[in-house]
Each structure stands twice: as C-alpha cells, then as structure tokens.
Amino acid sequence: MNDRHGATEAEGSDFAKKLSDSGLRLTTQRKHVYHILLAQMDHPTADEVYLRAKAEKPEISMATVYNSLDALVKCGLVKQVNVDRAATRYCSNMEAHCHFYCEECGGVHDIELSGGIRDFPIRLPRDLSARQMDVSIRGVCKDPKGCSRRIAKS
Ligand SMILES: [Zn+2]
Ligand SMILES: [Zn+2]
C-alpha cells in the first residue's frame with residue numbers, strides 16, 4: 001500500500017509506539033482512521049469507518065481504510081468484533097470488556113468486566129490456557145435513545 005502522506009509527527013501517545021513496535025508505519029491515514037474509531041465508539045463496520053473517514057478526508061480510499069484497520073488490529077490498538085455472520089466491526093476499547101448485542105436495534109455496547117479476564121468465573125481445564133476471551137450477551141436496550149446505532153433488520 002502506498003501511503004502518500006508518509007509518517008507524521010508522533011503524538012506522544014501510545015499510538016506511534018504501538019505501530020512502530022509492530023513494524024508498521026504511522027501514516028496520516030492510519031492516524032485518521034484511529035481517530036474515527038476513538039471519536040465514536042459504537043463498533044462501526046469497515047464501511048461505516050470509510051464513510052466517516054471520507055467525510056473529513058474526501059481523498060481517502062476504501063483500500064486505505066481497510067489497510068489502516070488491518071494495521072491497527074495487528075498492533076493491538078483495535079479489536080475486531082464479529083456478530084453472527086454480519087460484517088466485522090471494530091472496537092477501540094482495549095480494556096477487558098464483553099459485548100452486549102441488542103437484538104432490536106443491532107447496537108453493540110461495551111460491558112466492563114470489573115475484575116478483568118483473570119477473575120472471570122470460569123474454570124478452564126488444566127491443559128488449556130487462555131489468551132483471549134470473547135463474551136457476548138444478547139438482549140434488548142431498555143432506552144431506545146441509549147442505542148448508538150440502528151441497522152435495518154433482515
Ligand atoms: Zn467493544
Ligand atoms: Zn437497542
């Protein structure tokens with residue numbers, strides 16, 4: 001991928017470091033995509049990220065957005081979230097949390113895991129060792145205004 005704008009100033013954040021630790025370059029596009037994900041933590045799909053990114057930077061391409069999302073996932077700044085067979089969504093909350101899926105509006109909400117993964121009341125067989133945990137809860141949002149997004153039901 002040709003990153004036309006090249007590397008920009010490091011923001012003094014984790015961001016630049018995490019990218020460079022994984023051998024990835026900090027480009028304006030990657031930074032932009034990351035900002036989009038932080039600005040609205042509603043677990044957007046790649047298409048939604050693209051639309052938001054494009055609103056501010058009309059020259060950005062879908063391929064660049066995909067590439068940036070890939071890079072952010074690889075360096076651990078963003079997580080992929082899969083709901084059934086729907087399009088992959090992206091989550092920029094790297095704290096231990098699980099996801100609540102609203103069956104009415106399609107919203108995905110972060111639910112904090114107070115003790116983190118280690119304290120989760122689950123006993124793994126001795127020969128298994130966990131690296132990551134994916135817990136999902138399904139239900140309905142009580143307050144329709146609390147839903148961050150609405151998607152068409154199939
Ligand atoms: Zn999340
Ligand atoms: Zn809902």
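Definitions and limits used
- Residues numbered from 1 in each chain as written.
- Chains lettered and ligands numbered in written order.
- Predicted model: local features only at pLDDT ≥ 70, side-chain atom pairs only at ≥ 80, totals over all residues.
- Helix = DSSP H or I, 4+ residues; strand = E, 2+ residues; numbered from the N terminus.
- Core = buried A, V, L, I, M, F, W, Y, C linked by C-beta atoms within 7 Å.
- Buried ≥ 20, exposed ≤ 12 C-beta atoms within 10 Å, placed from the backbone.
- Contact = placed C-beta atoms within 7 Å.
- Arc of directions from axis to C-beta.

Visitor: How should unusual backbone geometry be read in this particular structure?
Guide: Leave glycine aside and you will find that most residues have negative phi; peptide bonds, for their part, are mostly trans. Of note in this structure, histidine 43 is not a glycine but carries a positive phi near 60°. The topology assignment puts histidine 43 in the loop between α2 (28-39) and α3 (46-56).

Visitor: I keep staring at the nonpolar core and nothing clicks. Help me out?
Guide: Burial of nonpolar side chains together is a common tendency in soluble globular proteins. Within the largest apolar cluster, 15 residues are counted, with the highest numbers of intra-cluster contacts made by Val33, Leu37, Val49, Ala53, Val65, Leu69 and Leu72. Among the elements of the structure, α2, α3 and α4 (62-74) are those that each provide at least two residues to this core. Contacts of leucine 72, omitting those with residues within four sequence positions, involve Arg30, Val33, Tyr34, Leu77 and Val78.

Visitor: I would appreciate a short explanation of α3 in the present structure.
Guide: Think of an α-helix as 3.6 residues a turn; residues three or four steps apart then line up on the same face. Along α3, the positions that sit buried rather than exposed are Val49, Tyr50 and Ala53. The buried side chains of α3 occupy one side of the element, clustering within an arc of 100° when seen end-on. Residues Asp47 and Ala55 are exposed on α3 and point more than 90 degrees away from its buried face.

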